[in-house]
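What follows is the residue order along each chain.
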Protein chains: 2
Amino acid sequence: MKQPGLDERKAYILATVVYEYVATAEPVASQTLTQKYNLGVSSATVRNEMAELEAAGYLVQPHTSAGRVPSDAGYRTYVDELMQPEALTPGDRRRIRDELHDATRELDDLIDQTTRLLGRLSKSLAFATKPQGETQRFKHVQLISIAPRTGVAIVVTSYGVSAQSLFELKADVCADDLTRLSSALNARCANRLMSEIGDADVAAVVAEQGLGDDVRGAIVAALQSARAGEAPEIAAAGTQNLLDQPEFADVRKLRSILRIVEEQRTLYDIVADAMTSENPRVKIGHELGNDELSDLSVVTVPYRFGPNAIGMLSILGPRRMPYARLLALASGTAESLSRRLADGDVR
Amino acid sequence: MKQPGLDERKAYILATVVYEYVATAEPVASQTLTQKYNLGVSSATVRNEMAELEAAGYLVQPHTSAGRVPSDAGYRTYVDELMQPEALTPGDRRRIRDELHDATRELDDLIDQTTRLLGRLSKSLAFATKPQGETQRFKHVQLISIAPRTGVAIVVTSYGVSAQSLFELKADVCADDLTRLSSALNARCANRLMSEIGDADVAAVVAEQGLGDDVRGAIVAALQSARAGEAPEIAAAGTQNLLDQPEFADVRKLRSILRIVEEQRTLYDIVADAMTSENPRVKIGHELGNDELSDLSVVTVPYRFGPNAIGMLSILGPRRMPYARLLALASGTAESLSRRLADGDVR
DNA sequence: CTTTGGCACTCCTGGCTTCGGAGTGCTAAT
DNA sequence: ATTAGCACTCCGAAGCCAGGAGTGCCAAAG
């Protein structure tokens with residue numbers, strides 16, 4: 001219950017308006033409520049209540065003499081306080097299990113497939129951040145010469161290969177030197193957290209082997225890209241599902257969305273803060289912090305590798321989305337994914 | 001000149017209709033032609049000619065008493081016989097050079113960036129197939145243990161790291177065994193074409209080292225995925241550019257396109273046959289072999305690594321696209337990309 | 001035989017009006 | 001506090017009209 005008086009009946013009416021609007025995409029009228037849901041009062045009473053809910057900011061009217069539509073605040077209290085959490089339907093549960101079970105064993109592909117699955121199930125746009133290097137453990141580095149003065153540094157982490165970096169050297173360095181250097185680095189860094197390994201470690205080893213700054217630079221760069229800056233790669237699927245929603249009958253609404261999905265950066269910004277929380281996060285309309293996205297909402301849940309959250313699974317859809325269902329879907333999918341990762345036959 | 005009589009004037013009129021329609025997106029009227037282009041004849045004459053062009057299948061009328069619009073056949077003869085090839089504008093040339101020059105040195109990222117660049121320049125949807133393993137040379141394989149009985153096989157080719165494959169073993173194998181096996185494989189396969197290296201090579205080396213079938217299987221799988229089946233990965237960029245085109249005012253047209261771009265497979269099928277040709281390819285409307293795409297066209301040019309075409313750069317846009325300009329753009333971009341690859345500081 | 005001016009005819013487009021219906025807000029009665 | 005009743009607002013679909021753009025065809029001219 002909210003402080004500015006959301007008595008039980010108001011709460012019920014608000015919840016019902018959200019529910020009905022989500023289902024129909026039409027502004028909800030007082031009569032609709034009294035007819036479809038048994039409120040035990042007349043439509044006139046409901047009208048009064050709705051007027052008050054509007055005054056309090058939970059509902060808005062598209063125009064005089066139209067039904068009511070939830071505002072951002074309305075959705076917010078619905079999500080936080082009013083809605084019934086849903087469980088995954090048995091059918092969905094089965095599909096998730098089956099599809100993830102048959103999925104590949106490469107981490108990247110697994111995330112891609114999970115995203116596509118979630119896109120299909122949610123009939124919305126699903127996206128996922130791929131694990132960032134920070135949370136991984138260093139396993140192995142291998143320096144390989146592929147041309148006289150060109151080489152590639154490959155960093156393998158606990159998730160599997162995660163980065164490679166080309167480098168050029170000023171002088172020829174023989175393959176043996178590279179092999180020795182690789183071994184020395186491995187000895188020093190094995191099993192440490194990627195975030196712990198500093199440039200100093202590399203510098204020390206390189207110096208020890210009597211090699212130059214160009215080699216050091218290359219390795220540092222490879223580690224850097226394994227740690228993979230602030231914005232990890234993002235997988236997305238199901239854009240076309242959004243087209244079915246009446247809110248996108250107007251093509252202009254789509255442009256910004258398409259651009260944002262292609263850019264990835266904005267998507268990441270939206271979900272970045274959800275990473276720190278173990279719980280699902282819901283962002284509604286203007287909460288996304290982007291005017292172009294103000295009639296969309298996003299549901300985000302983290303997925304784990306062992307005890308740590310290593311990425312986020314999200315669903316982006318119209319603000320008028322079935323929050324309870326999508327939360328269940330996203331959580332269930334993330335859980336299956338986490339389990340699949342923990343089972344250890346993936347990486 | 002075509003056999004069923006395309007005299008010079010008809011050819012000119014057809015070319016002009018295409019040109020004008022591409023520019024305006026409006027059906028072209030006989031008067032428009034006589035006014036904007038000096039034909040030296042009256043609009044009545046043009047009307048007669050247009051009627052004949054329509055009878056011959058080059059033009060169509062959206063409805064009686066509307067101007068004419070080119071048919072697929074009309075565009076086709078325009079592209080094949082009538083249009084003036086364009087050169088890259090100096091501005092575009094500079095942008096291509098500059099942006100590709102600053103681009104990353106990782107092959108995958110370079111293709112991504114090139115695609116985005118082409119999307120921006122063409123104001124259409126650009127996409128590119130990434131190089132398939134077949135055309136690469138084997139450089140190095142490295143087997144690395146990342147957990148007691150789990151390892152990863154990394155295959156490095158002349159383009160750089162191109163595949164990794166996780167594997168599990170039935171019995172513990174010590175790191176030294178893996179290292180020795182790696183060396184033996186390297187000795188045997190180095191610098192051979194990926195397509196030449198058969199399972200037999202692997203089997204021989206594995207047997208020689210006295211290791212089991214599980215190891216062999218893992219390596220074969222890694223090579224397999226480095227060769228990367230029939231459908232290579234595809235980078236795409238600029239979907240939102242299509243929204244500006246009047247042909248997509250209707251949202252339904254977009255759905256199939258979005259789905260197809262997300263699926264990738266269909267995109268690949270469209271351009272697959274262009275791989276064998278050195279020349280740019282244009283596919284118009286129904287030539288795409290897909291009803292849902294029947295008012296789109298695709299321009300495809302191969303890019304090379306050394307003497308070999310290793311991938312395709314394409315532009316997908318409305319059938320009413322500026323063919324000459326897009327051909328110039330795609331060719332110019334592909335050429336710059338090829339040169340960048342040949343210069344050897346990428347891979 | 002080709003070209004062209006003229007003209008009737010077709011069909012689309014945009015604007016305007018109209019009308020019905022859906023909903024509300026308010027008031028007065030319960 | 002609830003509710004029946006009613007006036008009022010506003011949207012949206014339907015219909016209608018006028019204007020205009022463009023064609024096709026014919027008959028005359030080169």
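Residue numbering note: each chain is counted from 1, following its sequence as written. Chains carry letters from A onward and ligands carry numbers from 1 onward, assigned in written order. Only residues with pLDDT of at least 70 get local features here, since the model is predicted, and only at 80 or more are side-chain atom pairs given and counted; chain-wide, interface and lining totals rely on the full set of residues. Here the side-chain values reflect all heavy atoms present in the structure, with hydrogen atoms and water set aside.

Caption draft 1: Inspection of the interface of chain A and chain B at higher detail. Any two residues whose heavy atoms approach within 4.5 Å at even a single point are treated as in contact. If you look at the interface, chain A gives 32 residues, while chain B gives 31 residues. Overall, the association of chain A and chain B removes approximately 3300 Å² of surface from exposure, summing both partners, and the carbon and sulfur fraction of that is 59%. Together, L166(A), Q240(A) and E262(A) form the three largest contributors to the area buried by chain A at its contact with chain B, with a combined 18%. Here a salt bridge means any side-chain nitrogen of Lys or Arg lying within 4 Å of a carboxyl oxygen belonging to Asp or Glu. The interface formed by chain A and chain B contains two salt bridges. Polar contact is defined as a pair of N or O atoms within 3.5 Å, subject to the rule that within protein one atom must be able to donate a hydrogen and the other to accept it, and that residues adjacent in sequence are counted only when both atoms are side-chain atoms. For the pair chain A and chain B, the number of links is six residue pairs in polar contact (both at pLDDT 80 or more). Note on conventions: DSSP H or I runs of at least 4 residues are helices, E runs of at least 2 residues are strands, and numbering of each starts at the N terminus. Those elements that place two or more of their residues in the side of chain A that touches chain B are β4 (138–147), β5 (150–157), β6 (160–168), α10 (239–242) and α11 (251–263) of chain A. What counts as buried area is the accessible surface, traced by a 1.4 Å probe, that two parts surrender upon association, with contributions from both included.

Caption draft 2: Region of the structure containing the protein's contact with DNA strand D. Throughout, the term near means that a residue has one or more heavy atoms lying within 4 Å of the molecule or strand in question. In the vicinity of DNA strand D there are 19 residues, among which S42(A), T45(A), T64(A), S65(A) and S30(B) approach most closely. Close to the protein, within 4 Å, the atoms of DNA strand D are drawn from sugar and phosphate at a rate of 79%. In the model, a phosphate oxygen of DNA strand D is placed 2.8 Å from a nitrogen or oxygen of the S42(A) main chain. Within the side chain of S30(B), an N or O atom sits 2.7 Å from a phosphate oxygen of DNA strand D. Broken down by element, the surface near DNA strand D gets its largest block of residues, four residues, from helix α3 (residues 43–55) of chain A. Polar here means any residue outside two lists: the nonpolar Ala, Val, Leu, Ile, Met, Phe, Trp, Tyr, Cys and Pro, and the charged Asp, Glu, Lys and Arg; Gly therefore counts as polar. Residue classes in the surface near DNA strand D are distributed as five nonpolar, ten polar and four charged.

Caption draft 3: Summary view of the protein's contact with DNA strand C. Close contacts around DNA strand C come from 19 residues, with S30(A), R9(B), S42(B), T45(B) and T64(B) the closest. Counting only the atoms of DNA strand C within 4 Å of the protein, the fraction contributed by sugar and phosphate is 80%. Note that a base nitrogen of DNA strand C is positioned 3.1 Å from one of the side-chain N or O atoms of R47(A). At 2.9 Å from a phosphate oxygen of DNA strand C is found a side-chain nitrogen or oxygen belonging to R9(B). The dominant element in the surface near DNA strand C, judged by the number of residues it contributes, is helix α3 (residues 43–55) of chain B, at four residues. By residue class, the composition of the surface near DNA strand C is five nonpolar, ten polar and four charged.

Caption draft 4: View of the confidence of the model for chain A. Known as pLDDT, the predictor's per-residue confidence is scaled from 0 to 100. Chain-level statistics for chain A give a pLDDT mean of 86 and a share of 92% at 70 or above. Of all helices and strands in chain A, the one with the weakest mean pLDDT is β6(A) (68), whereas strand β2 (residues 69–70) of chain A scores best (98).

Caption draft 5: Layout of the environment of L313(B). Mapped onto the secondary structure, L313(B) falls in strand β10 (residues 308–318). Excluding residues that lie within four positions of it along the chain, L313(B) makes contacts with T114(B), L118(B), F127(B), A128(B), V299(B), T300(B), V301(B), Y303(B), A330(B), T333(B), A334(B) and L337(B).

Caption draft 6: Region of the structure containing the domain arrangement of chain A. Residue and element names in this part refer to chain A. What fixes the domain bounds is an automatic or database domain assignment. Once the domains are mapped, chain A shows domain 1 (8–82), domain 2 (90–131 + 231–342) and domain 3 (134–227). Computed over C-alpha atoms only, the centres of domain 1 and domain 2 are separated by 28 Å. Facing seven residues of domain 1, the contacting portion of domain 2 comprises twelve residues. A combined buried area of about 970 Å² lies between domain 1 and domain 2, and 62% of that area is made up of carbon and sulfur atoms. The tally of links from domain 1 across to domain 2 stands at two salt bridges. Notably, a salt bridge pairs R319 with D72, separated by 2.6 Å at the nearest N-O pair. Breaking the side of domain 1 that touches domain 2 down by element, the ones donating at least two residues are α1 (8–24) and α4 (72–82). Per element, the largest residue contribution to the side of domain 1 that touches domain 2 is four residues, and it comes from α4. Considering only residue class, the side of domain 1 that touches domain 2 consists of five nonpolar, no polar and two charged.

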